[in-house]
Amino acid sequence: MKNTVRNIQNSNRNESIDILKAICALLIVCIHIQVPNPLNLLLLPVTRIAVPIFFMITGYYYDFNAEKKKKNRQIIHIIKLVIGANLFYFFYNGILEIIQKGSIKIYLCKTISIKKIILFLITNDDFISGHLWYLSAILYVLLICRLYGGFISKKIFTSKIIVIFLICDLIFGKYSLLLLNRSFPLWLTRNFLFVGIPYFGLGQYIKKGGYKANSKKAKRNLKLGMIFFSITAIFENLFLHNVGLVTARDHGISITPLAICVFILFISTDYRNKIASLIGRRYSQNIYIFHPAIISIYYLVIDKTVIKTEIAWVAPIIVYIITILILILSNKFMDFCFINMKKR
């Protein structure tokens, strides 16, 4: 009976979205372990669509009319992820600190402070591991939607409000040096307010508007849009580098339309790939969480080899595959332990 229910659930899944999640997980790995230039200057701007698309997927599938219990379960799941991921990196980074410097006291003093905790609670600036800001940001968005669902759905997720939030991200983020002649801390824009809400809202906006490419011409236009905005994203990045106006925030003007084109194409097209869809469905979330740990181990190992320069060109793919294999083995081990516990 359970297998039948599971098969019915899987048949209702959008396999294209699972494939998109697998692709976005790889793009995020590319952000954190970069290939050598000049390829990196061409690749990095495009990879920035990954996190916006993850927010859009969550927004697209969020049901404001769903039962409270279902919404609460989703929130509890994210809370567990936030706590578990931060505990993992707290101990993982602590162990590395002891190995490298032999002092846990320095690590604790450097890592934890009242100011960092307050910034984390207000702006999702994760002081344990920076990439985990996404988890607390999506948690905040879900909490806001749970508490103020009707108001949020009608007043916030409109085209004007979404555009305002995205413009604020650009003004105080990537274009702050150009427009305001100063740069701002990363936490000011990389948070639930200027990234989470607008892209979650875009997912809702696309769903409610029924924006899908139902013809070959529409899909061709989306693909042309992807090519066009990929090129503009690259030139946008090169321009800011050449004029010395690079800031900590790498989210440019072209990222939003590029993410929209990619997202609408995938929800409109029946892509099929068993391996990619399995990765997206089961492992994309944990790839996001654990890949920085694998990257640090990768660097420790690869720095001792004579091929570290040559292998750097495919480093993101290597880390991506290793992370997936470790997650698969971990799941197998957990299943094995669970089965043995049940037998006892």
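Everything in this summary refers to the structure shown in the same document.

Rules behind the numbers
- Residues numbered from 1 in each chain as written.
- Predicted model: local features only at pLDDT ≥ 70, side-chain atom pairs only at ≥ 80, totals over all residues.
- Heavy atoms only, no water.
- Helix = DSSP H or I, 4+ residues; strand = E, 2+ residues; numbered from the N terminus.
- Buried < 20%, exposed > 50% of the residue type's maximum accessible area, 1.4 Å probe, protein only.
- Lys, Arg positive; Asp, Glu negative; His and termini not counted.
- Salt bridge = Lys/Arg side-chain N within 4 Å of Asp/Glu carboxyl O.
- Contact = heavy atoms within 4.5 Å.
- Axes fitted to C-alpha atoms, helices over the stretch in contact; angles between N-to-C directions.
- Parallel < 35°, antiparallel > 145°, perpendicular 65-115°, else oblique.
- Left-handed = near helix turned anticlockwise from the far one by under 90°.
- Nonpolar A, V, L, I, M, F, W, Y, C, P; charged D, E, K, R; others polar.
- Expected span 1.5 Å × (residues − 1).
- Polar contact = N/O pair within 3.5 Å; in protein donor to acceptor, adjacent residues only side chain to side chain.

**A few points about unusual backbone geometry**
Following N37, the chain continues into P38 via a peptide bond in cis, with omega recorded as 10°. Unlike most non-glycine residues, N124 shows phi in positive territory, near 65°. When you line up the elements, N124 lands in the loop between helix 7 (114–123) and helix 8 (133–147). The backbone of N181 shows a phi angle near 60°, a positive value even though the residue is not glycine. Looking at the secondary structure, you find N181 in the loop between helix 11 (176–180) and helix 12 (192–209). Judged by relative accessible area, N181 falls into the exposed class, the value being 69%.

**Quick notes on the side chain of K71**
Relative to the helices and strands, K71 is located in helix 5 (residues 68–101). For the buried residue K71, which engages in no salt bridge, the nearest side chain bearing the opposite charge is D63, 6.7 Å off. The contact partners of K71, leaving out residues within four places of it in the chain, are Y62, D63, F64, N65, A66 and R146.

**Observations regarding the packing of helix 2 (residues 15–32) against helix 4 (residues 50–61)**
Axis separation between helix 2 and helix 4 bottoms out at 9 Å; the angle between their running directions is 150°. By the angle between their axes, helix 2 is roughly antiparallel relative to helix 4. Remark: the crossing between helix 2 and helix 4 carries left-handed chirality. In contact with I17, L20, K21, C24, A25, L27 and I28 of helix 2, helix 4 contributes A50, V51, I53, F54, I57 and Y61. Residue classes in the contact of helix 2 with helix 4 are distributed as twelve nonpolar, no polar and one charged.

**Description of helix 2**
The end-to-end C-alpha separation of helix 2 is 27 Å, in line with the 26 Å expected for 18 residues at 1.5 Å each. In terms of residue burial, helix 2 counts as a mostly covered element, since 15 of its 18 residues are buried. Put simply, N14 is the residue that caps the front of helix 2, since its side-chain oxygen is 3.0 Å from the backbone nitrogen of S16.

**Brief notes about the environment of F194**
Following the sequence through the fold, F194 ends up in helix 12. C-alpha separation for the pair F194 and D63, spaced 131 residues apart in sequence, amounts to 22 Å. In contact with F194, not counting residues within four places along its chain, are F165, L166, C168, D169, L188 and T189.

**Focus on the pattern of salt bridges**
Counted by the stated rule, this structure contains seven salt bridges. The salt bridge involving E15 is made with R272; its shortest N-O contact spans 3.0 Å. Residue E15 is found in helix 2, and its partner R272 is found in the loop between helix 14 (255–268) and helix 15 (274–302); the two are separated by 257 residues along the sequence. Given a relative accessible area of 59%, R272 falls into the exposed group. Its salt-bridge partner being R281, residue D18 comes within 3.9 Å of it at the nearest N-O pair. Of this pair, D18 sits in helix 2 while R281 sits in helix 15; the two residues are 263 residues apart in sequence, bridging distant segments of the chain. On the basis of relative accessibility, which here comes to 2%, the residue D18 falls in the buried class.

**Focus on helix 12**
In terms of burial, helix 12 is largely enclosed, as 13 of its 18 residues are buried. Its side-chain oxygen at 2.9 Å from the backbone nitrogen of L193, N191 defines the N-terminal cap of helix 12. G210 lies just past helix 12 and shows a positive phi near 65°.

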